[in-house]
Amino acid sequence: MSVSEPHAAVAALLKPGAHGATGGQPVRLAVRDVDIVQLLARKGRAEDAAAAIKAAYGFDLPSPGRSAGGDALAALWVQPDGWFLIAPRGAEGALARAVKAAVGDAGSVIDQTHGRSVITLSGARATWVLAKECRVDLHPAAFGPGRVASTQIAHLACTIHQRDAAPTYDLIVFTTFAKSFMESLTHAAEETGYVVS
Amino acid sequence: MIRIDCPWCGMRDEAEFTYRGDATVTRPGANAPEEAFHDFVYARQNPRGWHVEWWYHSSGCRQFLKVVRHTMTHEVRTVARATETPEVPSE
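Residues numbered from 1 in each chain as written. Chains lettered and ligands numbered in written order. Predicted model: local features only at pLDDT ≥ 70, side-chain atom pairs only at ≥ 80, totals over all residues. Heavy atoms only, no water.

**A few points about unusual backbone geometry**
Residue and element names in this part refer to chain A. Threshold: A helix here means a DSSP run of H or I that spans at least four residues, while a strand means a run of E at least two residues long, and both kinds are numbered starting from the N terminus. Three labels apply to residues, based on accessible area from a 1.4 Å probe with only protein chains included: buried if under 20% of the type maximum, exposed if over 50%, partly exposed otherwise in between.
Here the amide bond leading from Ala166 into Pro167 is cis, since omega sits at 0°, within 30 degrees of zero. By secondary structure assignment, the location of Pro167 is in the loop between strand E10 (156-164) and strand E11 (168-174). Unlike most non-glycine residues, Asp81 shows phi in positive territory, near 60°. Here Asp81 lies in the loop between strand E5 (74-79) and strand E6 (82-88). Residue class for Asp81 comes out partly exposed when judged on its relative accessible area of 37%.

**What about the sheet that holds strand E2 (residues 27-32) of chain A?**
All names here are of chain A. Heads up, the condition is: Paired strands are those between which DSSP finds at least two bridges. Fitting a line to C-alpha atoms yields each axis, with helices limited to the stretch in contact; the angle taken between N-to-C directions then spans 0 to 180 degrees.
If you walk across this open sheet you meet the 7 strands as E1-E12-E2-E8-E11-E10-E9, and the pairing is mixed. Each edge of the open sheet is held by one strand with a lone partner, namely strand E1 (17-19) and strand E9 (147-153). Ignoring which end each strand starts from, the neighbouring axes of this sheet average 25° apart. Judged from the 5 bridges that link them, E2 and strand E8 (residues 116-122) form a sheet pairing that is antiparallel. The residue of E8 that forms the bridge with Arg28 is Ser122.

**Brief notes about the interface of chain A and chain B**
For clarity, the cut-off: It only takes one pair of heavy atoms within 4.5 Å for two residues to be counted as in contact. When two components associate, each loses some accessible surface as probed by a 1.4 Å sphere; the sum of these losses over both components is called the buried area. Each salt bridge in this description consists of a side-chain nitrogen of Lys or Arg and a carboxyl oxygen of Asp or Glu lying within 4 Å of one another. Definition of a polar contact: a pair of N or O atoms within 3.5 Å, with one able to donate and the other able to accept a hydrogen when the atoms are protein atoms, and with sequence-neighbouring residues admitted only if both atoms are side-chain atoms. Amino acids are sorted into nonpolar (Ala, Val, Leu, Ile, Met, Phe, Trp, Tyr, Cys and Pro), charged (Asp, Glu, Lys and Arg) and polar (every other residue, Gly among them).
Counting from both sides, the interface comprises 12 residues of chain A and, opposite them, 12 residues of chain B. Three residues, Pro80(A), Arg135(A) and Gln152(A), lead the burial of chain A against chain B; their summed loss comes to 44% of the area buried on that side. Between Asp13(B) and Arg135(A) there is a salt bridge; the shortest N-O distance is 3.0 Å. On inspection of chain A and its partner chain B, the count reaches 5 residue pairs in polar contact (both at pLDDT 80 or more). Those elements that place two or more of their residues in the side of chain A that touches chain B are E5 and E9 of chain A. Among the elements that make up the side of chain A that touches chain B, the one with the highest residue count is E9(A) (4 residues). Looking at the side of chain A that touches chain B residue by residue, the classes come out as 6 nonpolar, 4 polar and 2 charged.

See the structure below:
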């Protein structure tokens, strides 16, 4: 796995290979090498910020509990008038500068690339593993592709983003807590087995 | 376990929230007499029945919510945004 700073230290917590139970349907674990930017619309400027993002990137900022965009640039709702913007890792600070240039004084932009890490959990039994860890209803009737929820996992703040129906989940956690988070997640995944590639 | 239907996030367990106290009292103005602050801080009601409370969704959307909760049964009747005035049942 080739992961750049600052996510290499988190990726190093996962050892390549198969772990845990064998013979079932193992889940897959990986660390995504991404830039993460937080966008907060300034007071009364949410519509201006949304219009600016639409003009620059071609999609509407998502409503509560949802995501928008795609793998090139995804927007996740995290709080009223607040979103995460996530893109593949590029030049240091480039995404934050581009988003700030797009929204101008309609929003505040904070680069969270070093502060947050994104751990991907996928596979047919990923929901089963994640359900052991969190209190959010992940049943397809209540959750699904394009849905986002901020909650606690192992007493740590975590934002869950379901990216597709495989299912694939992005788990966004504070980098400084990523080691404890990973210990809990890999422990939960031992029951199905997990593969790190 | 109390379950709170957050207007932003949907139904969540109380473990995601932080209790922030009585939402029916108003902080006195900066120039109010000392007695007013004494009453604001210490002279609180302890109702048996429906009560409006602040709950902070600390592990979710980080918004302050007004929750109408029954202090005997823990039933949650209404969850409102901070700017709203939820209706309190008569009994």
